[in-house]
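Examination of the molecular architecture
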Amino acid sequence: MSAIPTDISSWRHPSWLREFVMEERQAWIFVIKCLLAFYLAAWFSMLFQLEQPATTMITVSIVMHPHSGMVLAKSFYRAIGTCAGSLVGLLLMSAFPQQRELFLTALALWVGICSGGAVLYRNFMSYGFVLAGYTAAIVALPAINNPYRVFDSAMMRVSEVMLGIVVAGLVSDVVLPERLRQLLRRSAREHYQHFIDFARGSLGGAIPRAEMEKVHLRFVRAAVQLEDLRSSVIFEDPEARARSSRMQLLNLRYMAAATSFQSLHHLINRLQRNNHPRTAGALIKLYAPVGEALSPPPAEQSKPRLLATRLEACEGKLAPLAAQLREDLRQDPELLMEFDSGTMMLRRFVSELRDFTSLEASLRETQGALGGTVERVDFKRANDYAAPLIAVIRTFLTMITLSVFWIATGWPFGPSAMLLATIFSGLLATSPSPLAATANTWIGYAAGMTAAYFVVFWIMPGSDGFLMFILVTGPLLAIGPYLTTRNATLPGIGAGYTLGYVYILAVKNPMVYAPESFFNDAIASLFGLMMSGVAFMIIPTVIGTAWLRRRQLAQLRRQVVFAATAPLQGILYAFESVNRDLYHQVVQFTKQGSEESRSLLSWALAVHDCGRAIIELRQDMAHEDLPPPVVDSMQRVVDSVARLYDAPAKDRWQAAYAATGHAITLTSQTLPQARASCQPALAHLLQLRIALRDDESALAPYIVKSPENTHAA
């Protein structure tokens, strides 16, 4: 009998219905918060006698987001962009008060530069550049016939925007807030647990290359996602802001441990493929204590402090176990050296994993700011300057074309068209499919203006007072925020609808009944938005194109050159973060499982493997006990491997392989006299040689087969 109510309960509340109800609940909470912020902003604008309450409402519509941290981050950069744009608008009008052609040319150049900045930078910093561009147009264009008004225009614009920012931030943070820090904490713990589980489940030692490629992709996405979340959470949570440097250091340790983990298992896989099962088996046996350290009782597996303690104890077991396993390989010096290389990588992985789990434990166990100092680290981003340059040219030409059209026709509403073109040239410059985004936004914008038409000319004239204003405008306004929550299926429609509705509603202080102005403004706005789409047809975006991906792949390979030439101070974090950011940029525009995606993964793994080995080798070369001839031979290895990755070719592979072999021979001969300094360097040289002759890596087409090489493999 007890099963019957359970069945009825599950029938009454199926999983899809629960998910739908939860999704709708979150969507309508967001709609209510948006409407509350809209009307509070409009009320305060009228109370403070601001000229354009619509500007404040537009600001609210742009910065509102379901997560309060996103709202505050967006507001921060919007405030900076607004102030910078207002200042530039003042300066341009001051420089060219009576030279309209020069003024419009300078304005077009400024807006173009800001569009390029929007493409170059990430997250909401990109949006700040967009704001700096079109705010200058908003401030200066209305005063072009009366330059004396430009200062008042700038001050009013800044006041209206700042009011919208304050209202949106307060409403988002006070009314049913959705904290971004909870998402960051949940994501960080999920990625931590996945990494630990994967390392624990690798007791067999060998991991198929396809599986390693999938894991590498997840590691990359995790590192970039955590940095993106951290950069927004610091605006929401004082505790997260105080712990920001520790969170960045945790991400560094995560990336470093992931790279060492991959290098170790690549070595085991190569040894097995090259018919060296005894050496591979010895390394797998050496890895077993690590798996045991990561396998406490199930109830304690989620405790980082316990894992850190167990890993620290495991480090003490590795040296005697390695010495015992080494005895079985003494009859083959070549295999013995490769075993020593694997031992070094395993010990490095355990050390980095211990540091990672220890810092994770400190962050979980401590509230507020952590004591002590921490190394200053930054997540470095990778940039290609071709896409920003094209965005600058496209936006500049769009603005110049509209300026010439305005001057030639004397169209009174030309500034409205230029303003919309300015806004969307910057906003859509970062989109990989700007034509589709423009079309969706245009449809939403037209729908919003149509709704505003019925409100302004059919409903609003019969109403009076602010309460009636809310009642007559609210129902149709709510459609925009609701559609925004459906961006996955209707991208751009909600944002376009809200902007079109609020912009054409044109809430002023006092309100003006002007049908001719309404229709002219609507036509000009749609024309300006359409012209921004035409610009993308004439000068297409390069984001996501095969041409840009080839350039980014070359930039990814040149990370090995960076590892070989950059100053050692801070090089590890810069190398790890730029690699992941660059790879993430490329892989998001490739089809998963395609030949291009597999090739990219292969290059990314090779760059991580060789680049990290070069960094470690350069640090070994700084040891004062290394003889100069040995250091010189190692430097030749570093230079030749960097040249190989800069422009892969068979002759460069031969040069790198020969230089590595010579350095290994010279270092092996010096090993008895300077073991402490030569042993780590020899291990890294062996790692590089194994990577160079890996016939399943991205370097396989450049490997020159020879009897000597075949014997060495």
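Since this is a predicted model, take the numbers as computed values, not measurements.

**Description of the overall build of the protein**
- Along its length, the protein carries 29 helices and zero strands.
- Of all 713 residues assigned to the protein, the portion counted as buried reaches 55%.
- The long-range share in the protein, meaning contacts at least 24 apart out of those at least 6 apart in sequence, stands at 79%.
- Summed over its atoms, the accessible surface of the protein is roughly 30700 Å², and 62% of this surface lies on carbon and sulfur atoms.
- One way to put it: in the protein the 63 positive side-chain charges average out to a point 1 Å from where the 56 negative ones average out.

**Things to note about the environment of Ile 196**
- Of note, Ile 196 is situated in helix α8 (residues 180-200).
- Each residue touching Ile 196, except ones within four places of it in the same chain, is listed here: Leu 294, Leu 307, Leu 353 and Thr 357.

**Digging into a nonpolar patch on the surface**
- Residues Leu 435, Trp 442, Ile 443, Met 530, Val 534, Met 537 and Ile 538 make up a contiguous nonpolar surface patch of roughly 670 Å² in combined accessible area.
- Within the residue set of the nonpolar patch, elements represented by two or more residues are α17 (434-459) and α21 (515-538).
- The biggest single contributor to the nonpolar patch is α21, with four residues.
- Note on placement: Val 534 falls in helix α21.

**A closer look at the nonpolar core**
- One finds Phe 38, Tyr 134, Tyr 445 and Tyr 501 to be the most contacted residues of the largest nonpolar core, which totals 60 residues.
- Among the nonpolar cores identified, the runner-up in size contains 57 residues, and Leu 556, Ile 571, Leu 671 and Ala 674 belong to it.

**Side note on helix α28 (residues 675-692)**
- For α28, with 18 residues, the first-to-last C-alpha span of 25 Å sits near the 26 Å given by 1.5 Å per residue.
- Among the 18 residues that make up α28, 14 are buried, leaving the element largely enclosed by the rest of the structure.

**Some words on the environment of Gly 281**
- In this fold, Gly 281 is placed in helix α12 (residues 277-293).
- Sequence-wise, Gly 281 and Asp 625 are 344 residues apart; in three dimensions their C-alpha atoms are separated by 34 Å.

**Observations concerning the side chain of Thr 395**
- Turning to its location among the elements, Thr 395 is positioned in helix α15 (residues 386-409).
- Filtering out sequence-adjacent residues up to four positions away, Thr 395 remains in contact with Val 111, Gly 112, Ser 115 and Ser 425.

**What to know about unusual backbone geometry**
- Despite not being glycine, Gln 49 shows a phi value in the positive range, around 60°.
- You can see Gln 49 is positioned in the loop between α2 (15-47) and α3 (53-63).
- Residue Gln 49 is classed as exposed on the basis of its relative accessible area, which comes to 57%.

**Some remarks on helix α25 (residues 595-621)**
- Spanning 27 residues, α25 covers 39 Å between terminal C-alpha atoms, matching the ideal 39 Å at 1.5 Å per step.
- When you tally the buried positions in α25, you get 22 out of 27 residues, the bulk of the element.

**A word on the side chain of Ser 425**
- Here Ser 425 is to be found in helix α16 (residues 414-427).
- Only 2.6 Å separates the side chain of Ser 425 from the backbone oxygen of Ala 421, close enough to count as a polar contact.
- Not counting chain neighbours up to four residues away, the residues in contact with Ser 425 comprise Ser 115, Thr 395, Thr 398, Ser 532 and Phe 536.

**Some thoughts on the packing of α17 against α21**
- Packing of α17 against α21 brings their axes to within 9 Å, and their N-to-C directions diverge by 175°. Comparing their axes, α21 and α17 come out roughly antiparallel. Residues Pro 434, Leu 435, Thr 438, Thr 441, Trp 442, Tyr 445, Ala 446, Met 449, Ala 452, Tyr 453, Val 456 and Phe 457 of α17 pack against Pro 515, Phe 518, Phe 519, Ala 522, Ser 525, Leu 526, Leu 529, Met 530, Ser 532, Gly 533, Phe 536 and Met 537 of α21.
- Broken down by class, the residue content of the contact of α17 with α21 amounts to 19 nonpolar, five polar and no charged.

**Focus: the pattern of salt bridges**
- Going through the model one piece at a time under the given rule, you end up with 10 salt bridges.
- The closest approach of N and O atoms between Glu 576 and Arg 580, which form a salt bridge, is 2.5 Å. Of this pair, Glu 576 and Arg 580 both sit in helix α24 (residues 571-587), four residues apart, roughly one helical turn. This pair shows no difference in class: Glu 576 is buried, exactly as Arg 580 is.
- With a shortest N-O distance of 3.0 Å, Glu 616 and Arg 612 are connected by a salt bridge. One end of the pair is Glu 616 and the other is Arg 612, both in helix α25 and four residues apart, which spans about a single turn.
- Within the structure, one salt-bridge network assembled from shared partners comprises Arg 348, Glu 352, Glu 576, Arg 580, Arg 612 and Glu 616.

**What about the packing of aromatic side chains?**
- Counted under the stated rule, the structure contains 27 aromatic pairs.
- A ring pair is formed by Trp 411 and Phe 527, whose centres lie 5.9 Å apart and whose planes are at 75°; its orientation type is edge-to-face. On the criterion of sequence distance, the pair formed by Trp 411 in the loop between α15 and α16 and Phe 527 in helix α21 is long-range, its members being 116 residues apart.
- Three or more aromatic residues link up through ring pairs in this structure, and these residues are Tyr 192, Phe 195, Phe 198, Tyr 254, Phe 261, Phe 349 and Phe 356.
- Between the NZ or CZ atom of Arg 557 and the centre of the ring of Trp 603, over which it lies, the distance is 5.5 Å.

**Remarks on the environment of Leu 435**
- Tracing the chain through its elements places Leu 435 in helix α17.
- By relative accessible area, which is 42% here, Leu 435 ends up partly exposed.
- Once the C-alpha coordinates of Leu 435 and Ser 532 are considered, the two residues, 97 residues apart in sequence, prove to be 9.2 Å apart.

**Let's talk about the confidence of the model for the protein**
- Within the protein, residue pLDDT values average 81, and 91% of them lie at 70 or more.
- Note that pLDDT drops below 50 for residues 1-11; the model gives that stretch zero contacts with residues more than four away or on any other chain.
- Residue range residues 707-713 is modelled with pLDDT below 50. Its contacts to residues more than four positions away, or to other chains, number 11 contacts.

**Things to note about the packing of helix α27 (residues 650-670) against α28**
- For the pair α27 and α28, interaxial distance at closest approach is 9 Å and the crossing angle is 155°. Overall, the two elements α27 and α28 adopt an arrangement that is roughly antiparallel. For the crossing formed where α27 meets α28, the hand is left-handed. Contacts between α27 and α28 involve Trp 653, Ala 656, Tyr 657, Thr 660, Ala 663, Ile 664, Thr 667, Ser 668 and Thr 670 from the former and Cys 678, Leu 682, Leu 685, Leu 686, Arg 689 and Leu 692 from the latter.

**As for the state of the cysteines**
- One pass over the structure, following the stated rule, counts zero disulfides.
- Between Cys 114, a cysteine without a disulfide, and Cys 83, which holds the nearest cysteine sulfur, the sulfur-to-sulfur distance is 14 Å.

Scoring rules and cut-offs
- Residues numbered from 1 in each chain as written.
- Predicted model: local features only at pLDDT ≥ 70, side-chain atom pairs only at ≥ 80, totals over all residues.
- Heavy atoms only, no water.
- Helix = DSSP H or I, 4+ residues; strand = E, 2+ residues; numbered from the N terminus.
- Buried < 20%, exposed > 50% of the residue type's maximum accessible area, 1.4 Å probe, protein only.
- Contact = heavy atoms within 4.5 Å.
- Areas by Shrake-Rupley, 256 points an atom, 1.4 Å probe, with all protein chains shown as cover.
- Lys, Arg positive; Asp, Glu negative; His and termini not counted.
- Charge placed at Lys NZ, Arg CZ, Asp CG, Glu CD.
- Patch = residues over 30% accessible without salt bridge, like charges linked within 9 Å, V, L, I, M, F, W, Y side chains within 5 Å.
- Salt bridge = Lys/Arg side-chain N within 4 Å of Asp/Glu carboxyl O.
- Core = buried A, V, L, I, M, F, W, Y, C linked by side-chain atoms within 4.5 Å.
- Expected span 1.5 Å × (residues − 1).
- Polar contact = N/O pair within 3.5 Å; in protein donor to acceptor, adjacent residues only side chain to side chain.
- Axes fitted to C-alpha atoms, helices over the stretch in contact; angles between N-to-C directions.
- Parallel < 35°, antiparallel > 145°, perpendicular 65-115°, else oblique.
- Nonpolar A, V, L, I, M, F, W, Y, C, P; charged D, E, K, R; others polar.
- Phe/Tyr/Trp six-rings, centres within 6.5 Å; stacked < 30°, edge-to-face > 60°.
- Lys NZ or Arg CZ within 6 Å of the ring centre and 35° of its normal.
- pLDDT = per-residue confidence, 0-100.
- Left-handed = near helix turned anticlockwise from the far one by under 90°.
- Disulfide = S-S within 2.5 Å.

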